[in-house]
Amino acid sequence: MDSVEKGAATSVSNPRGRPSRGRPPKLQRNSRGGQGRGVEKPPHLAALILARGGSKGIPLKNIKHLAGVPLIGWVLRAALDSGAFQSVWVSTDHDEIENVAKQFGAQVHRRSSEVSKDSSTSLDAIIEFLNYHNEVDIVGNIQATSPCLHPTDLQKVAEMIREEGYDSVFSVVRRHQFRWSEIQKGVREVTEPLNLNPAKRPRRQDWDGELYENGSFYFAKRHLIEMGYLQGGKMAYYEMRAEHSVDIDVDIDWPIAEQRVLRYGYFGKEKLKEIKLLVCNIDGCLTNGHIYVSGDQKEIISYDVKDAIGISLLKKSGIEVRLISERACSKQTLSSLKLDCKMEVSISDKLAVVDEWRKEMGLCWKEVAYLGNEVSDEECLKRVGLSGAPADACSTAQKAVGYICKCNGGRGAIREFAEHIFLLMEKVNNSCQK
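Since this is a predicted model, take the numbers as computed values, not measurements. (Residues numbered from 1 in each chain as written. Predicted model: local features only at pLDDT ≥ 70, side-chain atom pairs only at ≥ 80, totals over all residues. Heavy atoms only, no water.)

Engineer: Help me out: how do you make sense of the overall build of the chain in this one?
Structural biologist: The helix and strand inventory of the chain stands at 13 helices and 21 strands. Counting over 434 residues, the chain shows a buried share of 48%. For the chain, restricting intrachain contacts to residue pairs at least 6 apart in sequence, the fraction spanning at least 24 positions comes to 68%. (Helix = DSSP H or I, 4+ residues; strand = E, 2+ residues; numbered from the N terminus. Buried < 20%, exposed > 50% of the residue type's maximum accessible area, 1.4 Å probe, protein only. Contact = heavy atoms within 4.5 Å.)

Written out as structure tokens, the structure is:
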């Protein structure tokens, strides 16, 4: 379990000078339908991810693929797997974002144009959501741009709200940064230290640092939100681990953010296992799907040297690579590629063949990876421990996988997927050493 620290509570009056009061407890009908005293109904805690379609920086940033997963998918997976919420919602004004949200299992609130403007605030959108959902007592506003969020963080914050009586809790990260006063241009002044004595600069290990909001989430009870703010009442912070504090709004370099997510992100309830076998569809993954026929009716196919190198690297690291196709490919043609991989062609039931290979090698499904691009690959993609698809794979295949490559089939997808496997195996090995 992740090691985190919980901030001390601070009781404050709300900005409007009124005391913070929770709503009266609700009574629930008893099992016989009577109206007696009943049982107090637990407060409804809803996760709410705001995902507007417009973005001045990156168009449709919320569903752009980060490490093979739509950006919003990382926080949805953490929220749903946490089990901390009675409901998980995405508030959006865009059809594509709605489709992705539903794919991950979230409910969708279609926000109005009034709260979808560049000038609209998060609070505007949250208040509109509450106006349509009277059943919600507490909102956990989770930022879609925080892909390293883990379920354990959300579980602990839900406990702080439900069991320890806090009205609002927000996420922070500890930083060891020295601050100096700003000097306006054209003004003859000298800068002054704000949080250190330059004559006695502390070492990092001798200084606790300072707490900064990292924007990952803001939990607040309904009565606070209805009064116009997300922080107030009996308030506390929740300190997240620094490596989990990845904010895409700040991390402008997308590739760097991807590397951090691959190392520190949350990949699902079941622990990753070391991959021992990669099965790859031939047509559309190893090749680009194009077939050339020579004058003497011989089939000619092409592949990318990068993919051949990827296969070689996988084999050198001890991962078996096997090829499969539903088409009656020429084994002689495939053998001429000199990939030295076992292959099966003219396969109508790919799952049965992969299952046979798995049993032959004495592997569990979690130790198998599959790269596919067609409807016929869907069942294999859903069953294996690690699944991928090229960027130009059909929509059915893309919906079934955990990683969507940037490269097209026959254009480097295998090499890219191999790099993804290596990074995740590094993650597996590091966790085993702890």
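Engineer: Help me understand the environment of I63, please; the structure alone is not making it clear to me.
Structural biologist: Within the element layout of this structure, I63 appears in the loop between β5 (45-50) and β6 (65-66). Owing to a relative accessible area of 13%, I63 belongs among the buried residues under this scheme. Among residues more than four places away in sequence, those in contact with I63 are P70, L71, I72, E96, I97 and V100.

Engineer: I keep staring at the packing of aromatic side chains and nothing clicks. Help me out?
Structural biologist: The geometry of two aromatic rings is summed up by the distance between their centres and the angle between their planes. Per the counting criterion, the structure on display carries seven aromatic pairs. Ring centres of W74 and F267 lie 5.2 Å apart, and the angle between their planes is 90°; on these two criteria the pair is classed as edge-to-face. Here W74 is found in helix α1 (residues 71-82), whereas its partner F267 is found in the loop between α6 (254-264) and β14 (277-281), with 193 residues between them in sequence. The exposure class assigned to F267 is partly exposed, which follows from its relative accessible area of 21%. With a centroid separation of 5.1 Å and an interplanar angle of 20°, the aromatic rings of F178 and W207 are classed as stacked. Note that F178 is positioned in the loop between β11 (168-175) and β12 (210-221) and W207 in the loop between β11 and β12, a separation of 29 residues in sequence. Judged by relative accessible area, F178 falls into the partly exposed class, the value being 28%. (Phe/Tyr/Trp six-rings, centres within 6.5 Å; stacked < 30°, edge-to-face > 60°.)

Engineer: In this structure, what is going on with the packing of α1 against helix α4 (residues 151-162)? I would like to understand it.
Structural biologist: For any two helices packed against each other, the geometry comes down to the angle between their axes and how far apart the axes lie. The geometry of α1 relative to α4 is characterised by a closest axis approach of 8 Å and an angle of 50° between their N-to-C directions. For the element pair α1 / α4, the angle class is oblique. Relative to α4, the crossing made by α1 is right-handed. Between α1, through A78, A79, D81 and S82, and α4, the contact on the second element is made entirely by P151, L154 and Q155. Within the contact of α1 with α4, the residues separate by chemical class into four nonpolar, two polar and one charged. (Axes fitted to C-alpha atoms, helices over the stretch in contact; angles between N-to-C directions. Parallel < 35°, antiparallel > 145°, perpendicular 65-115°, else oblique. Left-handed = near helix turned anticlockwise from the far one by under 90°. Nonpolar A, V, L, I, M, F, W, Y, C, P; charged D, E, K, R; others polar.)

Engineer: Is there a simple way to explain the sheet that holds β14 in this structure?
Structural biologist: An order of β18-β17-β14-β19-β20-β21 is seen for the six strands of this open sheet, with the pairing classed as parallel. The sheet terminates laterally at β18 (342-344) and β21 (403-404), the two strands that pair on one side only. Lying on the sheet, helix α10 (residues 350-360) is in contact with β14, β17 (320-324), β18 and β19 (368-371); it crosses β17 at an angle near 160°. (Pairing = 2+ DSSP bridges.)

Engineer: Would you mind going over α10 with me for this structure?
Structural biologist: Here α10 has its buried residues at K350, L351, V353, V354, D355, W357 and R358. Check the buried side of α10 and you find it contacts β14, β17, β18, β19 and α11 (378-383). Immediately beyond the C-terminal end of α10, within one or two residues, lies G362, with a positive phi of roughly 70°.

Engineer: Which parts of the structure should I look at to understand the side chain of D304?
Structural biologist: Examined against the element boundaries, D304 turns out to sit in the loop between β16 (299-300) and α8 (305-316). Other than its neighbours up to four places away in sequence, D304 contacts G410, R411 and G412.

Engineer: Looking at this structure, I do not really get the pattern of salt bridges. What am I missing?
Structural biologist: Opposite charge on two side chains allows them to pair when their charged atoms are near. Overall, the coordinates contain 25 salt bridges when judged by the stated rule. For the salt bridge of R203 with D206, the shortest nitrogen-to-oxygen distance reads 2.7 Å. Grouping residues by exposure puts R203 and D206 together as exposed. The salt bridge involving E360 is made with K342; its shortest N-O contact spans 3.6 Å. Taken together, the residues span a long stretch of sequence, with E360 in helix α10 and K342 in strand β18 at a distance of 18 residues. (Salt bridge = Lys/Arg side-chain N within 4 Å of Asp/Glu carboxyl O.)

Engineer: I tried to follow the environment of A51 on my own but got confused; where do I start?
Structural biologist: Along the chain, the position of A51 falls in the loop between β5 and β6. A51 gets classed as buried once you look at its relative accessible area, which sits at 0%. In this structure the C-alpha to C-alpha distance between A51 and H94, which are 43 residues apart in sequence, comes to 8.5 Å. Once residues within four sequence positions are removed from consideration, A51 is found in contact with N62, I72, V90, S91, T92, D93, I97 and R111.

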